[in-house]
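Survey of secondary and tertiary structure
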Amino acid sequence: MDMPTGRTNLMTPPNEELKRLADILEESVSFELGVSDFAEKMQMAYDDRGLVVRLSAKDFFEHGSAEPKRDALPILDQIAKVLKPVKRHIRVEGHTDNSKVESNLYPSNWELSTARASWMVRYLIKKFVFDPKKLEASGLAEHHPVASNDAEAGRSRNRRVEIIVLSKDPI
């Protein structure tokens, strides 16, 4: 699934609720970020899972770390405020490129991607009191790229966190 910048509908919205949610998110976050930064830092799409909010890891985390950048928190806060009243399940997925992680704390991309997704879930629970039963965190390492890992531009796109508002509750 290769996604250009900006909001791209890869599929028809699964339902009107997710379409309205995407419109509110786009308006709210683009106002917070400014229109020029919005397309670079956040993209939205629909796929078979639901509404996918894709956040560039380079804008949210230090390289090789699950610690967020301070200037990224207002963006995440804005997303959280919009998602908080949603009754649907939300999955947070961490993704990396295929570069070897050079960290004692994260011996592989599995640990790094999982730590980033887990950090976001903990943040939503702690700061915004999301229902933990409606959240899940998943680390997918480098195994679901959206671009080629042959050049830095592609690797940069692959380093991301996706917040997925599920169109169907998990079984």
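Here the structure is shown first, and the text comes after it.
What counts and how
- Residues numbered from 1 in each chain as written.
- Predicted model: local features only at pLDDT ≥ 70, side-chain atom pairs only at ≥ 80, totals over all residues.
- Heavy atoms only, no water.
- Helix = DSSP H or I, 4+ residues; strand = E, 2+ residues; numbered from the N terminus.
- Buried < 20%, exposed > 50% of the residue type's maximum accessible area, 1.4 Å probe, protein only.
- Contact = heavy atoms within 4.5 Å.
- Areas by Shrake-Rupley, 256 points an atom, 1.4 Å probe, with all protein chains shown as cover.
- Salt bridge = Lys/Arg side-chain N within 4 Å of Asp/Glu carboxyl O.
- Core = buried A, V, L, I, M, F, W, Y, C linked by side-chain atoms within 4.5 Å.
- Phe/Tyr/Trp six-rings, centres within 6.5 Å; stacked < 30°, edge-to-face > 60°.
- Expected span 1.5 Å × (residues − 1).
- Polar contact = N/O pair within 3.5 Å; in protein donor to acceptor, adjacent residues only side chain to side chain.

Scanning the protein chain from N- to C-terminus turns up six helices and five strands. For the protein chain, the N- to C-terminal ordering of α and β elements is α-α-β-β-α-α-β-α-β-α-β. Expressed as a percentage of its 171 residues, the buried residues of the protein chain come to 53%. Here the analysis covers contacts within the protein chain between residues at least 6 apart in sequence; of these, 72% occur between residues at least 24 apart. Of the roughly 8800 Å² of accessible surface on the protein chain, 53% is carried by carbon and sulfur atoms.

Scanning the model with the defined rule gives 14 salt bridges in all. Notably, a salt bridge pairs Glu93 with Arg49, separated by 2.9 Å at the nearest N-O pair. Placement of the pair is Glu93 in strand S3 (residues 90-95) and Arg49 in the loop between strand S1 (42-47) and strand S2 (50-56), with a sequence separation of 44 residues. Residue classification places Glu93 among the buried residues on the basis of a relative accessible area of 6%. Notably, a salt bridge pairs Asp59 with Lys58, separated by 3.7 Å at the nearest N-O pair. Its relative accessible area of 35% is what places Lys58 among the partly exposed residues. Where salt bridges share partners, they join Asp47, Arg49, Arg54, Arg91, Glu93, Glu136, Arg160 and Glu162 into one cluster.

This paragraph deals with the nonpolar core. Core analysis: the biggest nonpolar cluster contains 37 residues, and Leu25, Leu51, Ile79, Met120 and Ile163 have the highest contact counts within it. Elements represented by at least two residues in this core include exactly helix H1 (16-33), S1, S2, helix H3 (57-60), helix H4 (73-83), S3, helix H5 (109-128) and strand S5 (160-166). In this view, Ile163 contacts Leu51, Val52, Val53, Leu55, Leu76, Ile79, Leu83, Ile90, Arg91, Val92 and Met120; residues no more than four positions away in its chain are not counted. Grouped together as the second largest cluster of nonpolar side chains are five residues, Ala66, Val101, Tyr106 and Leu112 included.

Our focus in this paragraph is the packing of aromatic side chains. Scanning all chains against the criterion turns up three aromatic pairs. Seen from their ring centres, Tyr123 and Phe128 are 6.2 Å apart, and the 65° between their planes marks the pair as edge-to-face. With respect to class, Tyr123 is no different from Phe128; both count as buried. Chaining the aromatic ring pairs together yields one cluster made of Phe61, Trp119, Tyr123 and Phe128.

Tracing the sequence through the fold places Trp110 in helix H5. Taking C-alpha positions, Trp110 is 9.5 Å from Ser138, a pair spaced 28 residues apart along the chain. Apart from residues lying up to four places away in sequence, Trp110 is in contact with Gly139, Leu140, Ala141 and His143.

Side chains that are three or four residues apart share a direction in an α-helix, a result of its 3.6 residues per turn. Counted at 1.5 Å a residue, the expected span for H5 with its 20 residues is 28 Å, and the 28 Å between its end C-alpha atoms agrees. Structurally, H5 contributes buried residues whose contacts are with S2, H3, H4, S3, strand S4 (135-139) and S5. For H5, the side-chain oxygen to backbone nitrogen distance between the N-cap and Trp110 is 3.2 Å, and the N-cap itself is Ser108. Just downstream of H5 lies Val129, where phi reads positive at about 55°.

Note that Ser28 resides in helix H1. For Ser28, a relative accessible area of 14% gives the class buried. With sequence-adjacent residues up to four places away left out, Ser28 is seen in contact with Gln78 and Val82.

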